[in-house]
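Reading the structure
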Amino acid sequence: MSLKVKNICCIGAGYVGGPTMAVIAKHCPKIQINVVDLNSERIKKWNDKNLENLPVFEPGLDEIIKKCRGLNLHFSTDIKKHIESADLIFISVNTPTKKTGVGAGFASDLKWIEKSAREISKYASGNTIIVEKSTLPVKTASTIKEIVYSSNNSSHNKNFHILSNPEFLAEGTAINDLENPDRVLIGGENKNAIEALSNIYLNWIKEEKILTTNIWSSELSKLIANAFLAQRISSINSVSAICESTGADIKEVSMAIGYDKRIGRDFLDAGPGFGGSCFKKDILNLIYISKHYGLDEVANYWQQVLTMNNWQTRRISRIIIEKLFGTIADKKIVVLGFSFKANTNDTRESPAINICQELLIEGGNLFIYDPKVDPLQIDIELRESMQGNNEYHINEGSWNFTNDIYEALTNADAVIILTEWQEFKNLNWLKISQIMRRPAWIFDTRYLLNPKDINSIDINYWRIGYGNTNLDHN
Ligand code: UDX
Ligand code: UDX
């Protein structure tokens, strides 16, 4: 029997659920889409008339929301009502790493997935397609299936089809990634359900880009795609350290190796370490699964990607402290960028958190600027990271926020670029060199600035992956 989707519900109005449903709504005007979330504050922001207040900043998202919201795209906390009316339900809730219990520190916490499955079991009207959008450990579909069919209610009369359809969007480019994906992956058993979901995507994506696999391959592919991407960053970051020691230039090395088609040019930017909600969590999960199946060497292999990432972040804080004569107590340090990458307001696992933490422990006075991150969010992240840190009170560093970069930089000892926001490139670096306290330092952890622009200015300049040949500055 063919299945026709007229009404979609998405549980979870986060960085994945919000933009993904917005793009589906844009291309499928005949489908009604309800994005539900238990967080009423978040839903309020999605419904805010002022599009500046959307809870997720993504270039291009506001235009789609403006066009579709209230027509075929709705945001609500009424989970029951919208599950009831849906033919297809995306589960897009968060799956953080477990903090306690079995698998703590490695396994994904599936309590929200389980909760969603129970709600679907209870409220869905039957013959419903359930789509896993969240990144999940392999075999989660079995758990969902068991829950939806075995809950203590009338679900035995209902029919569910479970599909895996992982999201490959990257924050900051989410809308473009959703509009022009490299591929759409659908894993599942039921041909009609797969066809129904494919038909949605076929509204704007070519058929050859829609891949179908068995459900376990689909679940695993998402974890592996993220693990491979993260591994590439750890690899290039390891090379950045070699460049700094040898005098090679990481930009040139990346370019030289990237020309090889087998390697490819993308994802070869050295930096302060990868952040974001996925890479670390997914690799921890991969390590957990590998250990579970007795594959200790495999687990150790992937562990090294995380070890390298932590090392890179720490390495950078150490370099900053060392260059500032080994002590930053009472020094004024301006931090440019706090999000985990440019073009997003997301701070989850941002390397800025650990770097700022280390500088605070050493007593630095930080002035933080980010064009999109809410200062309240930075405050929460730093407070959390300093909690229980006994060392902190010894040196008493401080943090403040600034909207005026030049004012903050007046008499500052150092400026650290932590996120590659393009606007930092266009700052007047000559003026900056004149208002800072001498000897002043620029630390460019993203290799964002053009060395030609800075080399002509009288200021100390450290950039990632570049061996400084100027003996005076070593
Ligand atoms: C994504 C992916 O979906 C997930 O696979 C990945 O592991 C983490 O990132 P994301 O959209 O970025 O999730 O997460 P988040 O922004 O935290 O949004 C999840 C939303 O689900 C939150 O707004 C939360 O309130 C909501 N939620 C969670 C529910 O509505 N119901 C629940 O039971 C649990
Ligand atoms: C990632 C995956 O790319 C995406 O497919 C998946 O759906 C979710 O996880 P995201 O975390 O949003 O997306 O952003 P991504 O662009 O992958 O960047 C992750 C981190 O790696 C960022 O901190 C970024 O700054 C860093 N990075 C990325 C580098 O340091 N160098 C690079 O060359 C690329």
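This structure is a prediction, so every number in the text was calculated from the model and none was measured.

1. Here we look at the sheet that holds strand β14 (residues 460-463)
The parallel open sheet is built from 6 strands, whose spatial order is β11-β10-β9-β12-β13-β14. The outermost strands of the open sheet, each flanked by one partner alone, are β11 (398-401) and β14. Going across the sheet, the axis of each strand differs from the next one's by a mean of 20 degrees, ignoring polarity. Bridge count between strand β12 (residues 414-417) and strand β13 (residues 441-444): 4 bridges; the pairing is parallel. Residue pairing in the sheet places A414 in a bridge with W441 of β13.

2. Examining the side chain of T313
Relative to the elements of secondary structure, T313 occurs in helix α12 (residues 296-323). Looking at T313, its side chain comes within polar contact range of the main-chain oxygen of N309, at 3.1 Å.

3. Observations regarding the site of ligand 1
Looking at ligand 1, there are 19 residues lining it, with D37, R42, T135, K281 and R348 nearest. In this structure, an oxygen atom belonging to ligand 1 sits 3.1 Å away from a main-chain N or O atom of L38. Here an oxygen atom of ligand 1 and a side-chain polar atom of R348 are 2.8 Å apart. Starting from 690 Å² of accessible surface for ligand 1 in isolation, the protein chains cover 94%. Considering only residue class, the shell around ligand 1 consists of 5 nonpolar, 9 polar and 5 charged.

4. Focus on the nonpolar core
Nonpolar side chains tend to gather and get buried jointly when the protein is soluble and globular. In terms of nonpolar packing, the biggest core is built from 45 residues, with I8, L73 and F90 touching the most fellow members. For this core, the element with the highest residue contribution is helix α8 (residues 191-201), accounting for 6 residues. The contact partners of F90, leaving out residues within four places of it in the chain, are I8, C9, C10, I11, M21, I24, V131, K133, N165, L197 and Y201.

5. A look at the site of ligand 2
Close contacts around ligand 2 come from 19 residues, with F168, E171, D269, K341 and R446 the closest. A distance of 2.8 Å is found between an oxygen atom of ligand 2 and a backbone nitrogen or oxygen belonging to L169. Counting residues per element, the shell around ligand 2 draws most heavily on helix α9 (residues 215-246), at 4 residues. Its residues placed into classes, the shell around ligand 2 shows 11 nonpolar, 2 polar and 6 charged.

6. Thoughts on the packing of aromatic side chains
Taken as a whole, this structure holds 10 aromatic pairs when the rule is applied. Pairing F228 with W302 gives two aromatic rings, centres 6.1 Å apart and planes at 40 degrees, and the pair type is tilted. With F228 in helix α9 and W302 in helix α12, this pair connects stretches of sequence that are 74 residues apart. Look at F228 and you get partly exposed, because its relative accessible area is 48%. A relative accessible area of 8% places W302 in the buried class. Residues W441 and F443 carry aromatic rings whose centres are separated by 5.3 Å and whose planes lie at 10 degrees to one another, so their mutual orientation is stacked. Each member of the pair, W441 as well as F443, carries the same accessibility label: buried. The residue whose ring lies beneath R265 is Y259, and the NZ or CZ to ring-centre distance is 3.9 Å. The ring of Y466 has R463 lying over it, and the distance from NZ or CZ to the ring centre is 3.5 Å.

7. Considering the pattern of salt bridges
Inspection of the entire model under this criterion finds 18 salt bridges. Here R314 and E358 are joined by a salt bridge, their closest N and O atoms 3.0 Å apart. Residue R314 is located in helix α12, and its partner E358 is located in helix α13 (residues 351-361); the two are separated by 44 residues in the primary sequence. By relative accessible area, E358 is classed as buried at 14%. The shortest N-O distance in the salt bridge between R383 and D379 comes to 3.1 Å.

8. Focus on helix α14 (residues 375-386)
Look at α14: 16 Å from first C-alpha to last across 12 residues, which is about the 16 Å you get at 1.5 Å a residue. Considered for burial, the residues of α14 that qualify are I378, D379, E381, L382, S385 and M386. The buried residues of α14 occupy one face: seen down the axis, they fall within an arc of 165 degrees. In α14, the exposed residues that point more than 90 degrees away from the buried face are L376, R383 and E384.

Parameters and conventions
- Residues numbered from 1 in each chain as written.
- Chains lettered and ligands numbered in written order.
- Predicted model: local features only at pLDDT ≥ 70, side-chain atom pairs only at ≥ 80, totals over all residues.
- Heavy atoms only, no water.
- Pairing = 2+ DSSP bridges.
- Helix = DSSP H or I, 4+ residues; strand = E, 2+ residues; numbered from the N terminus.
- Axes fitted to C-alpha atoms, helices over the stretch in contact; angles between N-to-C directions.
- Polar contact = N/O pair within 3.5 Å; in protein donor to acceptor, adjacent residues only side chain to side chain.
- Near = heavy atom within 4 Å.
- Areas by Shrake-Rupley, 256 points an atom, 1.4 Å probe, with all protein chains shown as cover.
- Nonpolar A, V, L, I, M, F, W, Y, C, P; charged D, E, K, R; others polar.
- Core = buried A, V, L, I, M, F, W, Y, C linked by side-chain atoms within 4.5 Å.
- Buried < 20%, exposed > 50% of the residue type's maximum accessible area, 1.4 Å probe, protein only.
- Contact = heavy atoms within 4.5 Å.
- Phe/Tyr/Trp six-rings, centres within 6.5 Å; stacked < 30°, edge-to-face > 60°.
- Lys NZ or Arg CZ within 6 Å of the ring centre and 35° of its normal.
- Salt bridge = Lys/Arg side-chain N within 4 Å of Asp/Glu carboxyl O.
- Expected span 1.5 Å × (residues − 1).
- Arc of directions from axis to C-beta.

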